[in-house]
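# Geometric and topological summary
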Amino acid sequence: MSTLITNIAELMTQDAEHRVLKDAAVVIEGERISWIGPSSAAPAADESVDAGGRALLPGWVDSHTHLIFAGDRTAEFEARMAGESYSAGGIAVTTGATRETGDFDLTRLALGRVAEAVSQGTTYLETKTGYGLDVENEARSARIASTVADEVTYLGAHLVPAGADADDYTDLVCGPMLAAVRPYVSWADVFCEQGAFNEGQSRRVLQACKDAGLGLRVHGNQLGEGPGVQLAVEFGAASVDHVNYLSAADVDALAGSWSGWQGAGSGPAAEGRGTVATCLPACDLSTRQPLAPGRELLDAGVPVALASNCNPGTSYTSSMAFCVTTAVLQMRLSVHEAVRAATYGGALALHREVGNDVDGERAVGSVAVGHRADLHLLNAPSATHLAYRPGIPLTHAVWRAGVRAR
Ligand code: NIG
């Protein structure tokens, strides 16, 4: 089955050459993109969709979410809006509600959140455990996550449960809990922050998970300066997420981590790859933290991803468009940079980017021949409208792996 999408006013490919094509067309063959070019030269296909002069982008790649949870934290949000500050302790409220919820309902809730994200243009999505915090509930969260998301991250090291000794709990995270989640996850993460896990504990978690063959990510520098960024770089983590409070040395370390990288399309993804800085603007606004310095990171040569951080505590939204809008209006990224961070940047943070020869057939986050046909048609003639018309739902159509999802 092939589908021709024609009459595209602007095709923002986010490919290796950063091409933006005018009056373009795309052909989907099965689950992949098989042709890109001018509308006037488009080949015939089994079916044809007239884009009507709209803009086509890669689907959003949301590389940081926490979708496996039950319960509600409206009261905490209201208290925050009244002046309270965010602390990691709120995670315990969600852990209680999650443990009390059965598999069927936990899965149903997570699927609802994925559907909400897809309906807004997200076509590739990571999610984490982290609201189980014991062996049984972390394993259950990982199993459920593996049925609803494209990539699953183990975040047993999200919070030390009430009453537990931090070092004993870290042993559990590095031992029996890791063994129990291992069949379901390919990534591991640690919340390296005051009130969560200190440097020594974070280091142990990262080492154990690396030894178990997992790719690494770090929640770092969210609530204050700390060792998260430096640890992420030292361990070769794929990303460090939040990055609100960075020293000059942190920015240098992130930039330096990419110094040996030849760029997209140059060879095996592992060669010279560094640590992506993942900015989470919706979370920054909801917690009233300073926005992550996305402009400064890009200017320093650090690859940036934008993600929703959808979770019940700090960022209860799956809207990647909101993140892009905020990145443009408040973080001073250009529209092209913000869209790139929310597509190619997310893919880079998940090792799924264009030119990734290790796993090229699974590359996402760019519109390129051979890639998964993950496409987002806006109800607007250009991507600029994402920032020009803030808050307007602009998703017109979505294809996920070649299947029309909206
Ligand atoms: O990424 N920072 C740690 N974890 C989540 C928040 C979790 C919560 O408060 O429920 C985050 O913001």
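Here is what the cut-offs are and how they apply
Every chain is numbered independently, its residues counted from 1 as its sequence is written. A pLDDT threshold of at least 70 governs which residues receive local features in this predicted model, and a stricter bar of 80 or more applies before side-chain atom pairs are shown or counted, although totals over entire chains, interfaces and linings include all residues. Think of it this way: any DSSP run of H or I at least four residues long counts as a helix, any run of E at least two long counts as a strand, and we number them from the N terminus. Our radius of gyration is a C-alpha quantity, and the globule rule it is checked against amounts to 2.2 Å times the number of residues to the power 0.38. A residue is called partly exposed when the number of other C-beta atoms within 10 Å of its own lies between 12 and 20, exposed at 12 or fewer, and buried at 20 or more, with C-beta atoms placed from the backbone. Contact between residues is assigned whenever the C-beta positions, reconstructed from backbone atoms, fall within 7 Å. These domain boundaries are the output of an automatic or database domain assignment. Note that Gly is not counted as nonpolar here; it falls among the polar residues with everything else outside the nonpolar set of Ala, Val, Leu, Ile, Met, Phe, Trp, Tyr, Cys and Pro and the charged set of Asp, Glu, Lys and Arg. Think of a nonpolar core as buried Ala, Val, Leu, Ile, Met, Phe, Trp, Tyr and Cys residues chained together by C-beta atoms that fall within 7 Å. The criterion for strand pairing is that DSSP finds at least two bridges linking the strands in question. Whether a residue is near a molecule or strand depends on its C-beta atom, placed from the backbone, lying within 6 Å of it. To obtain each axis, a line is fitted to C-alpha atoms, and for helices this fit is confined to the stretch in contact; angles are then taken between N-to-C directions over 0 to 180 degrees. Crossings are sorted by hand: turned counterclockwise from the far helix by less than a right angle, the near helix makes the crossing left-handed, and turned clockwise it makes it right-handed.

### Re the overall build of the chain
When you go through the chain residue by residue, the secondary structure sums to 15 helices and 15 strands. Since a compact globule built from 406 residues should have a radius of gyration of about 22 Å, the 20 Å found for the chain is in line with a globular shape. Projected onto its principal axes, the C-alpha positions of the chain cover 65 × 45 × 40 Å. Counting only residues that meet the buried cut, the chain has 56% of its 406 residues in that class. Look at the contacts in the chain between residues 6 or more apart in sequence, and 71% of them connect residues 24 or more apart.

### Some words on the domain arrangement of the chain
Partitioning the chain into domains gives domain 1 (2–58 + 365–404) and domain 2 (60–362). Between domain 1 and domain 2, the C-alpha centre-to-centre distance is 28 Å. With 23 residues of domain 1 at the interface, the matching set in domain 2 holds 28 residues. Of all elements in the fold, only strand S4 (47–58), helix H15 (385–388) and strand S14 (395–400) reach the threshold of two or more residues within the side of domain 1 that touches domain 2. No other element matches the three residues that S14 contributes to the side of domain 1 that touches domain 2. In terms of residue class, the side of domain 1 that touches domain 2 is built from 11 nonpolar, eight polar and four charged.

### Remarks on the nonpolar core
Val26, Leu56, Leu306 and Val324 are the most contacted members of the largest nonpolar core, which has 126 residues in total. In terms of residues, this core owes the most to one element, helix H12 (residues 320–329), which gives six residues. Counting contributing residues, this core receives three or more from each of domain 1 (2–58 + 365–404) and domain 2 (60–362). Discounting residues that sit within four places of it in the chain, Val26 has contacts with Ile5, Ile8, Leu11, Ile33, Trp35, Ile36, Leu56 and Val367.

### Description of the sheet that holds strand S15 (residues 403–404)
One open sheet accounts for seven strands, arranged S3-S2-S1-S4-S13-S14-S15; its pairing is mixed. Each having just a single partner strand, strand S3 (32–38) and S15 make up the two edges of the open sheet. In terms of strand pairing, S14 meets S15 through two bridges, oriented antiparallel. Each residue of the ladder has a partner; that of Arg400, found in S15, is Val403.

### Section: the site of the ligand
Near the ligand you find 13 residues, and of these Gly90, Ile91, Asn311, Gly313 and Thr314 are the closest. Its residues assigned to classes, the shell around the ligand shows four nonpolar, nine polar and no charged.

### Observations concerning the packing of H12 against helix H13 (residues 335–342)
As a packed pair, H12 and H13 sit with axes 9 Å apart at the nearest point and diverge in direction by 145 degrees. As H12 runs across H13, the sense of the crossing is right-handed. On H13, the residues touching Met320, Cys323, Val324, Ala327 and Val328 of H12 are Val335, Ala338, Val339, Ala341 and Ala342. Partitioning the contact of H12 with H13 into residue classes produces 10 nonpolar, no polar and no charged.

### Considerations on the pairing of strand S7 (residues 151–157)
Among the seven residues of S7, seven are classified as buried, and the element is accordingly described as predominantly covered. Pairing of strand S6 (residues 122–128) with S7, which is carried by three bridges, proceeds in the parallel orientation. Each bridged residue has a counterpart across the sheet, and for Glu126 the counterpart in S7 is Glu151. In the sheet, S7 pairs with strand S8 (residues 187–192) via three bridges, with the strands oriented parallel. In the sheet register, Tyr154 faces S8, and the bridge partner there is Ala188.

### Side note on the sheet that holds strand S12 (residues 304–306)
Taken in spatial order, the eight strands line up as S5-S6-S7-S8-S9-S10-S11-S12 in an open sheet, and their pairing is parallel. Looking along the sheet, the strands with just one partner apiece sit at the ends: strand S5 (60–62) and S12. Each neighbouring strand pair of the sheet contributes to a mean axis angle of 25 degrees, computed without reference to strand direction. Note that S5 and S6 share three bridges and pair parallel. Opposite Val61, over in S6, you have Tyr124 as the bridge partner. Docked against the sheet, helix H3 (residues 103–119) engages S5 and S6, running at close to 145 degrees with respect to S6.

### A look at the environment of Gly90
Mapped onto the elements, Gly90 comes out in the loop between helix H1 (74–81) and helix H2 (91–99). For Gly90, a count of 20 C-beta atoms within 10 Å translates into the label buried. The spatial distance from the C-alpha of Gly90 to the C-alpha of Ala164 is 16 Å, given a sequence separation of 74 residues. If sequence neighbours within four positions are ignored, Gly90 has contacts with Arg73, Glu76 and Gly313.

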